[in-house]
Amino acid sequence: MKSRLLVLVLSVFFSLPAFSQFGLHYTQGYIFGNNIPVYGGSVYMNESSAQEFNALFRMNRDMAVGFSYSWQNTSADVRSFEYPNERIGITWQYYLLNFQHYFRKSGSPFEPFAGAKFGFVNIRNNTQYVRDYTYFTVGLDLGAKVYLSEHIGISAGGQLLMPIQGVGGSIFVGSGGAGVGVSGYSSIAQFGLNIGAFIQL
């Protein structure tokens, strides 16, 4: 999965137009706690801070594509019939390909944006009871940038990340014909708010 994402990132990079602008972003965020059902119990992921580095290539005035790495060190309360109830340390590491669309008016320092993210997450822990996991992940983000100068600014926003835990398939036959459907499902949803700074080269 990692090698496929790397190939996709490189393909996007080499397809960028020559006039693209490069930007570096750093954000500090707050991730809300959430409960994750598991076999034989549940895991409550406690709220905590998170950090993200983001490299974006501005393809034109309205579109950008980039790659981000974010991490979250938190704790989780494990409630299970099979293992002792305890609090364990959890580390989330996201590797995501980002697509952003901007809605900036000419001459305004204020630039709203909306985006989508695709990649994978590594979920690591420090206990023998729960194994490490890697999931394909999709996400959405919404926010705004404020330019303090031509190349430097601050940003604020929110994002929702959803690791996909499984894929289901279906086959249907009816009066209108036959078909095959594929869908993904996830019981994990991480929502957070963030603020940060950026430099646009």
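Structure: see above.
Since this is a predicted model, take the numbers as computed values, not measurements.

Engineer: Which residues make up the pairing of strand β3 (residues 41–45), and what are the values?
Structural biologist: As judged from the five bridges shared by strand β2 (residues 34–38) and β3, these two strands associate in the antiparallel manner. The residue of β3 that forms the bridge with P37 is S42. Here β2 folds back onto β3 in antiparallel fashion, the turn holding two residues, of which G40 has a positive phi close to 80°. Pairing between β3 and strand β5 (residues 63–80): five bridges, direction antiparallel. The residue of β5 that forms the bridge with G41 is S80.

Engineer: Break down a nonpolar patch on the surface for me, with residues and values.
Structural biologist: A cluster of nonpolar side chains, namely L24, I152, I199 and L201, defines an oily patch on the protein surface of about 350 Å² accessible area. Inspection of the secondary structure assignment puts I152 in strand β9 (residues 152–164).

Engineer: An account of the packing of aromatic side chains is needed here, citing residue identities and associated values.
Structural biologist: This model, assessed by the stated rule, comprises 13 aromatic pairs. With centroids separated by 5.2 Å and ring planes inclined at 40°, the aromatic side chains of Y69 and Y95 adopt a geometry described as tilted. Residue Y69 is found in strand β5, and its partner Y95 is found in strand β6 (residues 86–102); the two are separated by 26 residues along the sequence. By relative accessible area, which is 21% here, Y95 ends up partly exposed. Grouped by ring-pair contacts, the aromatic residues Y26, F53, Y69, W71, Y95 and F120 constitute a single cluster. One Lys or Arg, R104, reaches over the ring of Y147 and ends 4.2 Å from the middle of that ring. The lysine or arginine in question, K145, covers the ring of F198, its NZ or CZ lying 5.1 Å from the ring centre.

Engineer: An account of the environment of V78 is requested, with residue identities and associated values reported.
Structural biologist: By the secondary structure assignment, V78 is in strand β5. Expressed as a C-alpha distance, the spacing of V78 and S42, which sit 36 residues apart in the sequence, is 6.2 Å.

Reading guide: rules and limits
- Residues numbered from 1 in each chain as written.
- Predicted model: local features only at pLDDT ≥ 70, side-chain atom pairs only at ≥ 80, totals over all residues.
- Heavy atoms only, no water.
- Pairing = 2+ DSSP bridges.
- Helix = DSSP H or I, 4+ residues; strand = E, 2+ residues; numbered from the N terminus.
- Patch = residues over 30% accessible without salt bridge, like charges linked within 9 Å, V, L, I, M, F, W, Y side chains within 5 Å.
- Areas by Shrake-Rupley, 256 points an atom, 1.4 Å probe, with all protein chains shown as cover.
- Salt bridge = Lys/Arg side-chain N within 4 Å of Asp/Glu carboxyl O.
- Phe/Tyr/Trp six-rings, centres within 6.5 Å; stacked < 30°, edge-to-face > 60°.
- Buried < 20%, exposed > 50% of the residue type's maximum accessible area, 1.4 Å probe, protein only.
- Lys NZ or Arg CZ within 6 Å of the ring centre and 35° of its normal.

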